[in-house]
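Chains, contacts and geometry: an overview
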Amino acid sequence: MSSPSICEVGSRLIQEYTTKTPQKLKLIDAYLGYIMVTGIIQFVYCCLVGTFPFNSFLSGFISTVASFVLGVCLRIQVNPANNIVFKDISVERAFADFIFAHGVLHLVVLNFIG
Amino acid sequence: MTASNKVGEPIREIAAEIGVEIDEAGTSVIDHMNYDVTDEGDHDLIVADDFTKTKVIVGDSPAPVLFKGVGMAADSDNPLVIDILKASQTAYSHSPDQDILEYPLAIGSSLLLVAGMQARNNARVVVLGSHDMISDAFYNAKTQTVMGDAKEAGNRAFASAVTDWALKRNGDLRFGAVKHNKVGEEPSDVAYRITDDAEYSITIEEMQSGKWVPFQAKDVQMEFVRIDPFVRAFLVPDAAGVFKATFKVPDVYGVFQFKVNYDRTGYTHLYSTTQVSVRPFRHTEYERFIPSAYPYYASAFSMMGGLIVFSFIFLYHQDKPKTE
């Protein structure tokens, strides 16, 4: 059997994603996409304008990166397909952890952004 | 100090101590082109008018003087010796009776007739090569070179000016009050801050004919020094001799000195230094919001906003019930 080409794999991926993914996960994915776009914009701005003031750049960029990471963690814990691994952690518990971590993150970001 | 053709060794030795070499006894300054008409034949009674440009020593426009005596030479590298009266280009120093078999001590404008010296402690010495220059006969005489007209000899005025300078009745400087403060405030001991505006003033007085008068000059400078000068500004005098300058403290902190170092020919050396500290910005004195960082501020707040919106949607989201 001929191995599938990249285009075939890609279109199969998109098709399976749109049909089989629960809406909650798609919601999280949209949120993650938004975070990535703001992160990329900031990085490009820093490359163009230079690194003054470096602490503000780091703070803004790290806030996007950390939000992305926390969002990914939430998605993993909430995904029904992973229920076997995360038996003891309910959706509410995952969300509460997510919010707590975000609280700490934003506190640090506002402190460091100067 | 004066010397003549019969100058003795002690006088020559003292003059050598201050950097001026008087020619040997028996020599004279001879000038075959600038001798006075009353000269007796040796051409050693000369009319000299190559005065130094320093008005403090010789006055504003000194008249030519009569000179009959021994010449001097000074090392041109010596920064302390002042050529008060030089011989003209055609003069030389030799014994009038002997044939010239070797190079004279000095010729032309390297040959000094009157030399002065101000030491680094501001002590002054003037050496005149001629006794007759300050005699009554010469004071009352007229100068007339072979090719020129008769004029009153400037000996009296010249001697008076040079003596005033040597005795510090002319050309002595002293400074009085030194004040410095941040613009708009009273002088205080509080440290300056970087990028402050500061003003500095110093009062300088000059002795003229025995009296202290306010000093007027356009070239006094002040330096703001921390090992190297960071700021160098001209001080502008007002009528009362108060020299002022306003400048911006540099963007460097540390211990600085206000230095005024004024060294001009004929005037005493003025040196004044005042030490101050310059501190960096306090934590609250920086710019609060930096315009070039606005995108980063915006992204941080948009993360928080996005989080709130996402949480609402996530919590209140209900899966669409499966259609029957």
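Residues numbered from 1 in each chain as written. Chains lettered and ligands numbered in written order. Predicted model: local features only at pLDDT ≥ 70, side-chain atom pairs only at ≥ 80, totals over all residues. Heavy atoms only, no water.

Within chain A, the regular secondary structure consists of four helices and zero strands. When the helices and strands of chain A are read in sequence order from the N terminus, they spell out α-α-α-α. Its C-alpha radius of gyration of 18 Å places chain A more than 25% over the 13 Å reference for a compact globule of 114 residues. If one aligns the C-alpha atoms of chain A with their principal axes, the spans along those axes are about 55 × 40 × 20 Å. For chain A, the proportion of its 114 residues judged to be buried stands at 29%. (Helix = DSSP H or I, 4+ residues; strand = E, 2+ residues; numbered from the N terminus. Rg over C-alpha atoms; globule rule 2.2 N^0.38 Å. Buried < 20%, exposed > 50% of the residue type's maximum accessible area, 1.4 Å probe, protein only.)

Moving on: the nonpolar core. Judged by nonpolar contacts, the single largest core of 52 residues is most densely connected at Ile84(B), Leu85(B), Phe158(B), Phe215(B), Val220(B), Phe224(B) and Leu235(B). Other than its neighbours up to four places away in sequence, Val220(B) contacts Ile204(B), Phe215(B), Ala233(B), Phe234(B), Leu235(B), Phe243(B), Val260(B) and Tyr262(B). By size, the runner-up hydrophobic cluster in this structure holds 16 residues, among which are Leu27(A), Tyr31(A), Met303(B) and Phe310(B). (Core = buried A, V, L, I, M, F, W, Y, C linked by side-chain atoms within 4.5 Å. Contact = heavy atoms within 4.5 Å.)

Attention now goes to the pattern of salt bridges. Residues and elements named next belong to chain B. One pass over the structure, following the stated rule, counts 17 salt bridges over all chains. Linking Glu 205 and Arg 174 is a salt bridge whose minimum nitrogen-to-oxygen distance equals 2.8 Å. Residue Glu 205 is located in strand 15 (residues 197-208), and its partner Arg 174 is located in strand 13 (residues 172-182); the two are separated by 31 residues in the primary sequence. Assessed through its relative accessible area of 27%, Glu 205 is described here as partly exposed. Of the residues examined, Arg 174 reaches a relative accessible area of 36% and is grouped as partly exposed. One salt bridge connects Arg 279 with Glu 285, and the closest N-O pair in it is separated by 3.1 Å. What makes Arg 279 partly exposed here is its relative accessible area of 22%. (Salt bridge = Lys/Arg side-chain N within 4 Å of Asp/Glu carboxyl O.)

What follows covers the interface of chain B and chain A. At the interface, 23 residues of chain B touch 32 residues of chain A. Here chain B and chain A share an interface that buries about 2,500 Å² over both sides, 74% of which is from carbon and sulfur atoms. Three residues, Tyr296(B), Met303(B) and Phe314(B), lead the burial of chain B against chain A; their summed loss comes to 33% of the area buried on that side. Here chain B is connected to chain A by three residue pairs in polar contact (both at pLDDT 80 or more). Looking at the side of chain B that touches chain A residue by residue, the classes come out as 14 nonpolar, six polar and three charged. (Buried area = accessible area lost by both parts, 1.4 Å probe. Polar contact = N/O pair within 3.5 Å; in protein donor to acceptor, adjacent residues only side chain to side chain. Nonpolar A, V, L, I, M, F, W, Y, C, P; charged D, E, K, R; others polar.)

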